[in-house]
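# A look at the structure
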Amino acid sequence: MKKTIMLFAMLITALTMSAQKFALIDMDYILKNIPAYERANEQLNQVSKKWQAEVEALTTEARTMYKNYQNEVVFLSAEQKKAKQDAIVSKEQEAAELKKKYFGPDGELFKKRTSLMTPIQEEIYNAVKDIADLRGYQLILDRASDTGIIFGSPKIDISNEVLDKLGYGR
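Residues numbered from 1 in each chain as written. Predicted model: local features only at pLDDT ≥ 70, side-chain atom pairs only at ≥ 80, totals over all residues. Heavy atoms only, no water.

## So, the overall build of the protein
What the protein contains, in helices and strands, is 6 helices and 2 strands. The linear arrangement of helices and strands in the protein, starting from the amino end, is α-β-α-α-α-α-β-α. Within the span of the protein, comprising 170 residues, buried residues form 24% of the whole. Carbon and sulfur atoms provide 57% of the accessible area of the protein, an area that totals close to 12,300 Å². (Helix = DSSP H or I, 4+ residues; strand = E, 2+ residues; numbered from the N terminus. Buried < 20%, exposed > 50% of the residue type's maximum accessible area, 1.4 Å probe, protein only. Areas by Shrake-Rupley, 256 points an atom, 1.4 Å probe, with all protein chains shown as cover.)

Rendered as structure tokens:
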């Protein structure tokens, strides 16, 4: 009796799974074929380099101040030492705050990336959703992410169809 119930449960599971439709996309491939994504990345790289240069300039200034302090320390009074130390610490804090402002978790780079990438991601999501609705897919996986997909048949990869839907087909 237990064997029959187990066999019946396995049969029901197999029938349910076979009725579902799956597809794969390769998000890296899709993004590489969208010119707006490449432009956004280039824009992010340029602004990141500019901001990094600003942070490095302040850091270099703090290092220079410290080296000068080390060279002059024997000639300075206690008050002068304290003033120079405070100026160095202040400059280091200024550099750290600027770095956090630009590159922190809620920094300017994060905000810029979000503002540039969100419209592209939404457009891709809507195209994938439209294709899923049209074809009856219950699940679409991204083979480019770390989902643990060992193998995905090219027959179920709809990346080119997504690009066609977005107007970037070949």
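Back to the text.
## A look at the packing of helix H3 (residues 35-72) against helix H5 (residues 108-135)
Orientation of H3 relative to H5, taken along the N-to-C sense of each, is 175°, at an axis distance of 10 Å. The pairing of H3 with H5 is recorded here as roughly antiparallel in orientation. Along the contact surface, H3 presents Ala36, Tyr37, Ala40, Asn41, Gln43, Leu44, Val47, Ser48 and Trp51, while H5 presents Glu108, Leu109, Lys112, Arg113, Leu116, Met117 and Ile120. (Axes fitted to C-alpha atoms, helices over the stretch in contact; angles between N-to-C directions. Parallel < 35°, antiparallel > 145°, perpendicular 65-115°, else oblique. Contact = heavy atoms within 4.5 Å.)

## Some details on the nonpolar core
Counting residues in hydrophobic clusters, the biggest one holds 29 residues, and the most contacted among them are Ile30, Ile34, Ile120, Ile124, Ile158, Val162 and Leu166. Listing elements by their share of this core, those giving two or more residues are strand E1 (22-25), helix H2 (27-32), H3, helix H4 (78-103), H5 and helix H6 (159-166). Looking at which element gives the most residues to this core, the answer is H5, with 9 residues. With near-sequence residues (within four places) excluded, Leu166 lies in contact with Ile30, Ile34, Glu123, Ile124 and Ala127. (Core = buried A, V, L, I, M, F, W, Y, C linked by side-chain atoms within 4.5 Å.)

## Focus: the packing of aromatic side chains
In this structure the tally under the stated criterion is 2 aromatic pairs. Taken together, a centroid distance of 4.5 Å and an interplanar angle of 5° make the contact between Trp51 and Tyr102 stacked. Within this pair, whereas Trp51 is found in helix H3, its partner Tyr102 is found in helix H4, the two being separated by 51 residues in sequence. Take Trp51 and Tyr102: they sit in the same class, and that class is buried. Taking the centre distance of 6.3 Å and the plane angle of 75° together, the rings of Tyr102 and Phe103 count as edge-to-face. Overall, Phe103 belongs to the partly exposed group, its relative accessible area being 26%. Taken together, the aromatic side chains of Trp51, Tyr102 and Phe103 make up a single cluster linked through ring pairs. In this structure, Lys21 is placed above the aromatic ring of Tyr137, and the distance from its NZ or CZ to the ring centre is 5.3 Å. (Phe/Tyr/Trp six-rings, centres within 6.5 Å; stacked < 30°, edge-to-face > 60°. Lys NZ or Arg CZ within 6 Å of the ring centre and 35° of its normal.)

## Some words on H6
Where H6 is concerned, the buried positions are Ser159, Val162, Leu163 and Leu166. For H6, the arc enclosing every buried residue in end-on projection is 100°, short of the 170-degree limit, so these residues lie on one face. Elements in contact with the buried residues of H6: E1, H2 and H5. Gly167 sits one or two positions beyond H6 and adopts a positive phi of about 90°. (Arc of directions from axis to C-beta.)

## Observations concerning the pattern of salt bridges
As enumerated under the stated definition, the model contains 9 salt bridges in all. Where Glu94 meets Lys91, a salt bridge forms, and the shortest distance between an N and an O atom there is 3.5 Å. Of this pair, Glu94 and Lys91 are both found in helix H4, 3 residues apart, which corresponds to roughly one turn of the helix. Note on Glu94: relative accessible area 37%, which makes it partly exposed. In this structure Lys91 comes out as buried when scored by relative accessible area, which is 15%. Note that Arg143 is salt-bridged to Asp157, the shortest N-O span being 3.3 Å. Taken together, the residues span a long stretch of sequence, with Arg143 in the loop between strand E2 (139-142) and H6 and Asp157 in the loop between E2 and H6 at a distance of 14 residues. Its relative accessible area of 24% is what places Asp157 among the partly exposed residues. Here the salt bridges share partners, and the residues they tie into one network are Glu61, Lys91 and Glu94. (Salt bridge = Lys/Arg side-chain N within 4 Å of Asp/Glu carboxyl O.)

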